[in-house]
Number of protein chains: 2
Amino acid sequence: MKIKANDELNYLTTVFTKKGFSKEDSHLLADTLVDADLRGISSHGIQRLAWYLKMVDDGTIQPQNPVKFLKESATSLLVDANQNMGQIACNAAMDKLIDKAKQSVISMAVIRNSNHFGTAGYWARKAVAQGLIGIAFTNTRPLVVPTNALEAFLGSNAFAFTFPAKPHPFVFDGATSVVSGGKIQVLDKKKQPLPGEWAVDKDRNVVSDAKEAEDILATAALTPNQKGGGVLTLGGSNEHNSNYKGFGNSLVVEILTGILAQGSISADTNVGKHDFSQCLLAIDPSFFGNLDALRDKATDMFNRIRNLDHLPETEIKIPGDREYRNFAYNQEHGVSIDEVTAGQIKQIASELSISAPTEISF
Amino acid sequence: MKIKANDELNYLTTVFTKKGFSKEDSHLLADTLVDADLRGISSHGIQRLAWYLKMVDDGTIQPQNPVKFLKESATSLLVDANQNMGQIACNAAMDKLIDKAKQSVISMAVIRNSNHFGTAGYWARKAVAQGLIGIAFTNTRPLVVPTNALEAFLGSNAFAFTFPAKPHPFVFDGATSVVSGGKIQVLDKKKQPLPGEWAVDKDRNVVSDAKEAEDILATAALTPNQKGGGVLTLGGSNEHNSNYKGFGNSLVVEILTGILAQGSISADTNVGKHDFSQCLLAIDPSFFGNLDALRDKATDMFNRIRNLDHLPETEIKIPGDREYRNFAYNQEHGVSIDEVTAGQIKQIASELSISAPTEISF
């Protein structure tokens, strides 16, 4: 079904408030999910709601806990998210990083004891809205099998990077693995096959059935008992295609999050505290050159790439192009919600005695 | 043939000195190439010598030009390599970044008007030797075709990242593309086929003949006339396998190098000044936690990964494992030089009236 983004925002804000988050935090959490749905990143949109609420209900998330700043310098922050949602700690941390980068050129925060933080791009875009480079990393539940391995160990480990450009900023935002677990969830809900070399079973044979892949991932991510297999690193199943580079990128994120934060590494978030860690950076490009000139230079490069000779019936898209196009379209035409999630939305509304968003009719 | 690393170092230092570099710079340049050969990264070892000297001979490289620091803050540097080799500017910049990171937790340098800087890992390892995280990026000649494109535009754009660990640091070091151009050069010199989905022709058909690929790359990299095709982004030829993520990673490096430095982007280095740009960072992990504890935590994660269930007759290697193993072995047994490069070494020795390194006999 389709719903209006504003209805989604109001619904989610009400749900989170009813679940014990402050009004301000509820609005923030809602905004991160609606923003993802508007950009067509439905894997990180309202389909995550049922999971968020389950974590509130079982005490994994403590909606009233305030963010704690454990250590702070002119450039750096060590933050304790205090078992609350990642969005709340990351919003407070990025606000501080933006101020610090404007003063000191570059700044970095490491966040422990956190949880899902929405899309990585949301935090990197917060910096670019101020003319800064924004960078965000998170570890996740264990989903990803290292090169040659037969079992999941690494998180899908998102990475986002933004830079000023016209008509919209450059926004690279995605899992370091070949796909995020959420993308497989979405195809499983839609009963569609996996279109590429995304996941393997316990013998490293490529899996194309979304349900089979989702069963492997759910077991690895949420229980201490693995079936073997998981999502592949970027580069696919074959070492000859340099899947060890995707593995390396995933490890860099593990280091900057779980290791530096002295929290759990992804492999240890399937049991116990389920704590995630994040790392955020902000960099002021205007130290290196005039901001308008840098924005123009980047824009010119992107336009040259968009106009390169390309395969017939394809398009060369710069990271961010698709998301900003979706954003404009979905603001006007509403966001799409898959059927399973639509059912969850109604059930949650009923349990909390609130109204569900109205389906848009055509 | 095989030669002793120390003979290689002496030979290269003499060659560079004869070509007009200072004694100190000659030793540095030689060390970066020998270090690559010792680590088994022969694509970035002495096989680059003939190319380096050609650039000195045609005036692209000015061996006497001093590094210029254009702008400096407590955390940041803008550097002009002054049309000299990248190693010289990056060595001076990383020395300053290490001091700055120890004072300010994080520091960053952008370097313009530079050239090849050896392996990215060399600079990131310089930081980790001081207990810091080291990060290095460079753009390169245009070799890499964006997702869906039919022509090369991006550089192979190296990225290195180091972190303290035992028995050796974590060292991720490689092109953001599926392979570096140098790897294809090496297979061409050895007359071996490309083993994976590495390069495409003008119709985006995968090329397996190393000579055909090398012809495509040499034309794109060194002339304004493209044949079409080039090296693939990490993720391979098919958009379904998320090759746009490899494309995104390559663009991040373009932004942090050519764009931020206001130098040439990779696409514009095949003619004219051939200037490359670099970006280096150093981060002090001890702001976030006790260094020994962080090193132990990282080491424990790496050991758990090395011991995961894996495919028979394979090994799970953490980035750096292969290189440190090669380093120890080649220090003792000598470095391998391919036949084409061996011929070049002798010819250069003859032209400069110096001794070539002696072949080790077994």
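About the criteria used
- Residues numbered from 1 in each chain as written.
- Chains lettered and ligands numbered in written order.
- Predicted model: local features only at pLDDT ≥ 70, side-chain atom pairs only at ≥ 80, totals over all residues.
- Heavy atoms only, no water.
- UniProt positions renumbered as here; feature names shortened; annotations may be inferred.
- Helix = DSSP H or I, 4+ residues; strand = E, 2+ residues; numbered from the N terminus.
- Buried < 20%, exposed > 50% of the residue type's maximum accessible area, 1.4 Å probe, protein only.
- Least-squares fit on C-alpha atoms with pLDDT ≥ 70 in both.
- Contact = heavy atoms within 4.5 Å.
- Expected span 1.5 Å × (residues − 1).
- Arc of directions from axis to C-beta.
- Polar contact = N/O pair within 3.5 Å; in protein donor to acceptor, adjacent residues only side chain to side chain.
- Salt bridge = Lys/Arg side-chain N within 4 Å of Asp/Glu carboxyl O.
- Pairing = 2+ DSSP bridges.
- Axes fitted to C-alpha atoms, helices over the stretch in contact; angles between N-to-C directions.
- Parallel < 35°, antiparallel > 145°, perpendicular 65-115°, else oblique.
- Left-handed = near helix turned anticlockwise from the far one by under 90°.
- Nonpolar A, V, L, I, M, F, W, Y, C, P; charged D, E, K, R; others polar.
- Domains from an automatic or database assignment.
- Buried area = accessible area lost by both parts, 1.4 Å probe.

Labelled according to an unreviewed UniProt entry, chain A appears under the name Ldh family oxidoreductase, originating from Nicoliella spurrieriana. Quoted verbatim from the Sequence similarities (unreviewed entry) field of the UniProt record, the comment on chain A reads "Belongs to the LDH2/MDH2 oxidoreductase family."

Draft legend 1. Region of the structure containing the environment of B:Met85. All names here are of chain B. Looking at the element boundaries, methionine 85 is found in the loop between β3 (76-80) and α4 (86-104). Since its relative accessible area comes to 1%, methionine 85 is described here as buried. Sequence separation of methionine 85 and glutamate 197 is 112 residues, and the distance between their C-alpha atoms is 32 Å.

Draft legend 2. Main features of the relation of the copies chain B and chain A. Of the transformation superimposing chain B on chain A, the axial component is 0.0 Å and the angular component is 180°, with the fit at an RMSD of 0.0 Å. Given the turn and translation reported, the copies of this chain are related as if by a two-fold rotation axis. Closest approach to the rotation axis among the C-alpha atoms of chain B is made by B:Gly235, whose C-alpha sits 2.3 Å away. Here 100% of the contact residues of chain B are again contact residues in chain A; the copies associate through an equivalent surface.

Draft legend 3. Highlighting helix α9 (residues 291-306) of chain B. Here α9(B) spans 22 Å end to end across 16 residues, near enough to the 22 Å set by a 1.5 Å rise per residue. Residues of α9(B) that are buried include every one of B:Leu294, B:Ala298, B:Thr299, B:Met301, B:Phe302, B:Ile305 and B:Arg306, and no others. The buried residues of α9(B) occupy an angular sector of 160° when projected down its axis, which confines them to one face. Where α9(B) is buried, its residues touch β7 (154-155) and α8 (243-259) of chain A together with β8 (158-163), β9 (170-175) and α10 (321-333) of chain B. Measuring from the side-chain oxygen of the N-cap residue of α9(B) to the backbone nitrogen of B:Asp292 gives 3.0 Å; that N-cap residue is B:Asn290.

Draft legend 4. Region of the structure containing the pattern of salt bridges. For the structure shown, the criterion picks out 28 salt bridges over all chains. For the salt bridge of A:Arg306 with A:Asp321, the shortest nitrogen-to-oxygen distance reads 2.8 Å. Placement of A:Arg306 in helix α9 (residues 291-306) and of A:Asp321 in helix α10 (residues 321-333) is noted, with a sequence separation of 15 residues between them. We classify A:Asp321 as buried; its relative accessible area is 9%. Note that B:Asp296 is salt-bridged to B:Lys166, the shortest N-O span being 3.8 Å. With a gap of 130 residues between them, B:Asp296 in helix α9 and B:Lys166 in the loop between β8 and β9 connect regions that are remote in the sequence. Judged by relative accessible area, which is 47%, B:Lys166 ranks as partly exposed. Several salt bridges converge on common partners, so that one network encompasses A:Asp35, A:Arg39 and A:Arg125.

Draft legend 5. The arrangement of α4(B) in detail. The end-to-end C-alpha separation of α4(B) is 25 Å, in line with the 27 Å expected for 19 residues at 1.5 Å each. Following α4(B) by one or two positions, B:Val105 adopts a phi angle in the positive range, close to 75°.

Draft legend 6. Fine view of the sheet that holds strand β13 (residues 276-283) of chain B. Residue and element names in this part refer to chain B. Spatially, seven strands are ordered β2-β3-β4-β13-β5-β8-β9 in an open sheet, and the strand pairing comes out mixed. Edge positions in the open sheet fall to β2 (68-72) and β9, since each of these has one partner strand only. Across the sheet, the mean angle from the axis of one strand to that of its neighbour is 10°, orientation sign disregarded. Sheet analysis places β2 next to β3, joined by four bridges and oriented antiparallel. Counterpart to phenylalanine 69 in the pairing with β3 is valine 79.

Draft legend 7. Representation of the sheet that holds strand β2 (residues 68-72) of chain A within the structure. Residues and elements named next belong to chain A. Strand order in the open sheet formed by seven strands is β2-β3-β4-β13-β5-β8-β9, with mixed pairing between adjacent strands. With one partner strand each, in any of the chains shown, β2 and β9 (170-175) form the two edges of the open sheet. For this sheet the average axis-to-axis angle between neighbouring strands, irrespective of direction, equals 10°.

Draft legend 8. Structural detail: the side chain of A:Asn249. Note that A:Asn249 resides in helix α8. The buried category is assigned to A:Asn249, whose relative accessible area is 14%. In this structure A:Asn249 touches A:Thr176, B:Phe159, B:Phe172, B:Leu234 and B:Asn249, once residues within four positions along its chain are discounted.

Draft legend 9. Region of the structure containing the packing of α4(B) against helix α5 (residues 120-128) of chain B. All names here are of chain B. Running from amino to carboxyl end, α4 crosses α5 at an angle of 25°, the nearest separation of the two axes being 10 Å. The angle between α4 and α5 falls in the class roughly parallel. Of the two elements, α4 crosses α5, and the hand of that crossing is right-handed. Contacts from Gln87, Cys90, Asn91, Met94, Asp95 and Ile98 of α4 reach α5 at Trp123, Lys126 and Ala127. In terms of residue class, the contact of α4 with α5 is built from five nonpolar, two polar and two charged.

Draft legend 10. Region of interest: the domain arrangement of chain A. Residues and elements named next belong to chain A. Along its sequence, chain A is carved into domain 1 (1-60 + 337-362) and domain 2 (65-287). Using only C-alpha atoms to locate each centre, domain 1 and domain 2 end up separated by 22 Å. Facing 24 residues of domain 1, the contacting portion of domain 2 comprises 24 residues. Remark: the boundary between domain 1 and domain 2 carries one salt bridge. A salt bridge links aspartate 35 to arginine 125, with the nearest nitrogen and oxygen atoms 2.7 Å apart. On the surface where domain 1 and domain 2 come into contact, there are 11 residue pairs in polar contact (both at pLDDT 80 or more). Those elements that provide at least two residues to the side of domain 1 that touches domain 2 are α2 (23-38), α3 (49-57) and α11 (339-352). With seven residues, α2 is the single largest residue contributor to the side of domain 1 that touches domain 2.

Draft legend 11. Region of interest: the interface of chain B and chain A. Facing 89 residues of chain B, the contacting portion of chain A comprises 89 residues. Regarding the contact of chain B and chain A, the summed buried area is about 7100 Å², with carbon and sulfur atoms giving 71% of it. For chain B, the biggest contributors to the area lost against chain A are B:Lys245, B:Phe287 and B:Phe288; these three give 10% of the whole. Between chain B and chain A we count two salt bridges in total. Across the pair B:Arg304 and A:Asp268 runs a salt bridge whose closest N-O atoms are separated by 2.8 Å. Taken together, the elements giving at least two residues each to the side of chain B that touches chain A come down to β2, β3, β4 (106-114), β8, β9, α8 (243-259), β13 and α9 of chain B. No other element matches α8(B), which puts 13 residues into the side of chain B that touches chain A. Residue composition of the side of chain B that touches chain A, by class: 48 nonpolar, 23 polar and 18 charged.

Draft legend 12. Examining the packing of helix α1 (residues 5-18) of chain A against α11(A) more closely. All names here are of chain A. Running from N to C, α1 and α11 cross one another at 50°; their axes reach a closest spacing of 11 Å. In terms of axis orientation, α1 runs oblique to α11. Note on packing geometry: the crossing formed by α1 with α11 is left-handed. Here Tyr11, Val15 and Lys18 of α1 come into contact with α11, specifically with Ile345, Ile348, Ala349 and Leu352. Looking at the contact of α1 with α11 residue by residue, the classes come out as six nonpolar, no polar and one charged.

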